[in-house]
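# Notes for the structure review
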Amino acid sequence: MKFSHIFLALLLLSGGFFTGKYFSKEQENTQITDNQDVINEIPQEINKKSAQVLNKPSLNSNINITSESATIALFEEAAPSVVFITTTSQTQNYWSMDLREIPKGTGTGFMWDIYGHIVTNFHVIENGNIFNVTLSDQSSYEAEFVGASPGRDLAVLKIKAPAEKLKPIPLGRSSNVKVGQSAYAIGNPFGFDQTLTTGVISALGREITASNGRKIYDVLQTDAAINPGNSGGPLLDSSGKLIGVNTAIYSPSGAYSGIGFSIPSDVVNFVVPDLIEYGQEKRPIIGIELLPDAYVTESGAMIRRVVPNSPAEKVGLKGLSRTRSGRLTYGDLIRKIDDQVINNNNDLMETLENYNPDDFIKLTIDREGELYEVELKLTSSVRE
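To keep things clear, this report deals only with the structure shown in the data block. (Residues numbered from 1 in each chain as written. Predicted model: local features only at pLDDT ≥ 70, side-chain atom pairs only at ≥ 80, totals over all residues. Heavy atoms only, no water.)

### Comments concerning the pairing of strand 9 (residues 215-222)
On a regular strand, each side chain points to the face opposite its neighbour's, so the side chains alternate between the two faces of the sheet. One ladder, built from five bridges, connects strand 8 (residues 195-209) with strand 9; its direction is antiparallel. For I201, the partnering residue across the bridge sits in strand 9 and is T222. Two elements, strand 9 and strand 12 (residues 260-264), share three bridges in a ladder whose sense is antiparallel. Within the sheet, the bridge partner assigned to L220 lies in strand 12 and is S262. (Pairing = 2+ DSSP bridges. Helix = DSSP H or I, 4+ residues; strand = E, 2+ residues; numbered from the N terminus.)

### Quick notes on the packing of aromatic side chains
Scanning all chains against the criterion turns up zero aromatic pairs. If you follow R367 out to its NZ or CZ, it ends over the ring of Y372, 5.8 Å from the centre. (Phe/Tyr/Trp six-rings, centres within 6.5 Å; stacked < 30°, edge-to-face > 60°. Lys NZ or Arg CZ within 6 Å of the ring centre and 35° of its normal.)

### Some words on unusual backbone geometry
The phi dihedral of D153 falls on the positive side, at around 55°, and the residue is not glycine. Assignment of secondary structure puts D153 in the loop between strand 5 (140-149) and strand 6 (154-158). Using a relative accessible area of 6% as the deciding quantity, one classes D153 as buried. Positioned with a positive phi, E368 is a non-glycine residue whose angle comes to about 50°. Mapped onto the elements of the fold, E368 is located in the loop between strand 20 (360-367) and strand 21 (370-377). (Buried < 20%, exposed > 50% of the residue type's maximum accessible area, 1.4 Å probe, protein only.)

### With respect to the nonpolar core
F110, W112, V119, L154, L236 and V268 are the most contacted members of the largest nonpolar core, which has 20 residues in total. If you list the elements that add at least two residues to this core, you get helix 2 (68-78), strand 6, strand 7 (182-187), strand 11 (242-249) and helix 4 (265-278). Ignoring anything within four residues of it in the chain, the contact list for W112 reads H117, V119, P168, L171, L242, V268, N269, V272 and I276. Judged by nonpolar contacts, the second largest core, of 19 residues, contains A301, I337, I342 and I361. (Core = buried A, V, L, I, M, F, W, Y, C linked by side-chain atoms within 4.5 Å. Contact = heavy atoms within 4.5 Å.)

### A short note on helix 4
The terminal C-alpha atoms of helix 4, which comprises 14 residues, lie 20 Å apart, in line with the 20 Å expected from a rise of 1.5 Å per residue. Restricting attention to buried positions, one finds in helix 4 the residues S265, V267, V268, V271, V272, D274 and L275. Positive backbone phi, at 85°, marks G279, one or two positions downstream of helix 4. (Expected span 1.5 Å × (residues − 1).)

### Things to note about the layout of surface pockets
The calculated volume of the largest pocket comes to roughly 670 Å³. In terms of lining residues, the largest pocket is bounded by 28 residues, among which P284, I285, I286, G287 and I288 are the most central. Counting residues per element, the ones that place at least two in the lining of the largest pocket are strand 13 (284-285), strand 14 (288-290), helix 5 (311-314), helix 6 (345-352), strand 21 and strand 22 (379-380). Looking at the lining of the largest pocket, the element that brings in the most residues is helix 6, giving four residues. By volume, the second largest pocket amounts to about 360 Å³. Lining the second largest pocket are 17 residues, with R152, Y217, E350, E353 and N354 positioned closest to its centre. Ranked by residues supplied to the lining of the second largest pocket, first place goes to strand 9 with four residues. Here the residues of the lining of the second largest pocket sort into six nonpolar, four polar and seven charged. (1 Å grid on protein atoms, 1.4 Å probe; cavity = no way out; pocket = protein on both sides within 12 Å on 5 of 7 lines; lining within 4 Å. Points joined across faces, edges and corners; volume = space filled by probe spheres on them. Nonpolar A, V, L, I, M, F, W, Y, C, P; charged D, E, K, R; others polar.)

### Observations regarding the pattern of salt bridges
Counted according to the given criterion, the structure contains 10 salt bridges. Across the pair E289 and R304 runs a salt bridge whose closest N-O atoms are separated by 2.4 Å. A residue pair is termed long-range when its members are at least 10 positions apart, and E289 in strand 14 and R304 in strand 15 (residues 301-306) qualify at 15 residues. With relative accessibility at 28%, the residue E289 sits in the partly exposed group. Relative accessible area serves as the criterion here: at 38%, R304 is assigned to the partly exposed category. Measuring nitrogen to oxygen at the nearest pair gives 2.8 Å for the salt bridge that ties E289 to R305. On the criterion of sequence distance, the pair formed by E289 in strand 14 and R305 in strand 15 is long-range, its members being 16 residues apart. (Salt bridge = Lys/Arg side-chain N within 4 Å of Asp/Glu carboxyl O.)

The structure is reproduced here in structure tokens:
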């Protein structure tokens, strides 16, 4: 082979070697550059994760609360005033003379004053004679019965507890309540104590029936969840003041369905002082006993009996009587009180609630088909 051919071959080989080395270096540099980009990103990802860990709130850190703070403060302020009531009936076996306690139910109540008076619903304590009150700190006290108004579904108990544990709920005005304003219920639904539910006032002026058949008027309706066990608990406004006493729900199933009712605080404030002082509501009365509506075929409230020494007796009202021959004589049928038409016994009782003891009223009565008007002075249901 000629030397020139050999030299050319060597030159081509060396050129390819250096060219390949050059391209290999370029690729290596490219790979290093690409890897460096990845390496540069790693600390950023680590920093992001580290930041997340550092920014994660600890169990002991203060949570930033905005709109919820008012509700939390309201509950913390009011909860110590709400109590859990257990009602029991104690009976004695006729033959063995053994005593037996029969649970009658549970409910809620709240502190009315610094003297230990507890307000609840009448139906919470109905048919019971032993009452146990548990405070928010789980201390328990046996309570004595003070008074009740079945027609208002209200009752008062009293406990003897240290003064520092007696914290009454401030009283609000239900007459100032508006539809749409916030409402807060605290109670013991299904035995779960110290439960807060929130909602709004859904309607005003509702009508419900008490356990004795009497109508309760001007009741507040709320969608704050009220379940069995909430009965007797407070309904509060956004300032933590009492605007009602939770008393009933409307539900085909017996559980919460979005409609709850509360006795307005103005009624509570009217009735409770009487229950504390007299054991019953102080009402204006005529001094008569009425014949059940089922036995009356005409519109009005018929007098069955006149109470001796009552206003009714003083103006000559008459009840049912029999003649010497045995014929039954109907009692006076009350048709009106002042200008209010009376169609039945319930109308009469509800109309009288608009008056006070010592007020004068005019009665229009039907006596054997003849109409008469008499004026009398109402007296009190409570003898002072």
